[in-house]
Amino acid sequence: SGAALLGASGKLAVLDRLLSRVAHAKSRVLIFSAFTQSLDLLQEYLEWRALPYLRMDGSTNKIKRELDMREFNQKGSKWFAYLISTRAGGVG
């Protein structure tokens, strides 16, 4: 559960406070990681907090990537966070 994640990780607890402020300010975030397992944990956290997100990793096909990027960048987009694997481009 999200509460267990926060209790187990001081870094996630700090991120929780930061993201709470960002969400309250009606801003959005991009979160990059080279580790998809880290993105898995962040995805679980965002679902627990009911924060809408998109995710791009190596399994995201090119068309979905393009559509998701357009949707995230639209003015008034409902998406709060975009989780991005730095290896999603398939070039390293």
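Refer to the structure presented above.
Residues numbered from 1 in each chain as written. Predicted model: local features only at pLDDT ≥ 70, side-chain atom pairs only at ≥ 80, totals over all residues. Heavy atoms only, no water.

Enquirer: What should I look at first to understand the overall build of the protein chain in this one?
Expert: Scanning the protein chain for helices and strands turns up four helices and three strands. Taken from N to C terminus, the helices and strands of the protein chain fall in the order α-α-β-α-β-α-β. Rg of the C-alpha trace for the protein chain: 13 Å, near the compact-globule value of 12 Å for 92 residues, within the 12% margin. The principal-axis extents of the C-alpha atoms in the protein chain amount to approximately 35 × 30 × 20 Å. In the protein chain, which comprises 92 residues, the proportion classed as buried is 35%. Sequence separation of 24 or more characterises 68% of the internal contacts of the protein chain that already satisfy a separation of 6 or more. Summed over all atoms, the accessible surface of the protein chain reaches about 6,200 Å², with 56% contributed by carbon and sulfur. Positive and negative side-chain charges in the protein chain, numbering 14 and 8 respectively, have mean positions lying 7 Å apart. (Helix = DSSP H or I, 4+ residues; strand = E, 2+ residues; numbered from the N terminus. Rg over C-alpha atoms; globule rule 2.2 N^0.38 Å. Buried < 20%, exposed > 50% of the residue type's maximum accessible area, 1.4 Å probe, protein only. Contact = heavy atoms within 4.5 Å. Areas by Shrake-Rupley, 256 points an atom, 1.4 Å probe, with all protein chains shown as cover. Lys, Arg positive; Asp, Glu negative; His and termini not counted. Charge placed at Lys NZ, Arg CZ, Asp CG, Glu CD.)

Enquirer: Can you help me understand the environment of asparagine 61 in this one?
Expert: Tracing the sequence through the fold places asparagine 61 in the loop between β2 (53-56) and α4 (62-73). Only 3.0 Å separates the side chain of asparagine 61 from the backbone nitrogen of isoleucine 63, close enough to count as a polar contact. (Polar contact = N/O pair within 3.5 Å; in protein donor to acceptor, adjacent residues only side chain to side chain.)

Enquirer: Explain the pattern of salt bridges to me, please; I cannot follow it from the model alone.
Expert: Any two side chains of opposite charge can pair, on the condition that their charged atoms come close. Using the criterion set out here, one finds five salt bridges in the structure. Residue aspartate 68 is joined to lysine 64 by a salt bridge in which the shortest nitrogen-to-oxygen separation is 3.0 Å. You can see aspartate 68 and its partner lysine 64 sitting in helix α4, four residues apart, about one turn around the helix. By relative accessible area, which is 43% here, lysine 64 ends up partly exposed. (Salt bridge = Lys/Arg side-chain N within 4 Å of Asp/Glu carboxyl O.)

Enquirer: Mind showing me how you'd approach the environment of leucine 5 here?
Expert: Secondary-structure assignment places leucine 5 in helix α1 (residues 2-8). A residue is classified by how much of its surface remains accessible, and leucine 5, at 15% relative accessible area, is buried. As a C-alpha pair, leucine 5 and tyrosine 45 span 40 residues in sequence and 7.5 Å in three-dimensional space. Non-local contacts of leucine 5, meaning those with residues more than four positions away in its chain, are made with Leu12, Leu41, Glu44 and Tyr45.

Enquirer: Sorry, what's going on with the side chain of arginine 55 here?
Expert: For arginine 55, the position within the fold is in strand β2. At a separation of 3.5 Å, a polar atom in the side chain of arginine 55 contacts the main-chain carbonyl oxygen of threonine 36. A distance of 2.9 Å separates the side chain of arginine 55 from the side chain of aspartate 57, its partner in a polar contact. Among residues more than four places away in sequence, those in contact with arginine 55 are Thr36, Leu39, Asp40, Gln43, Thr60, Asp68, Tyr82 and Leu83.

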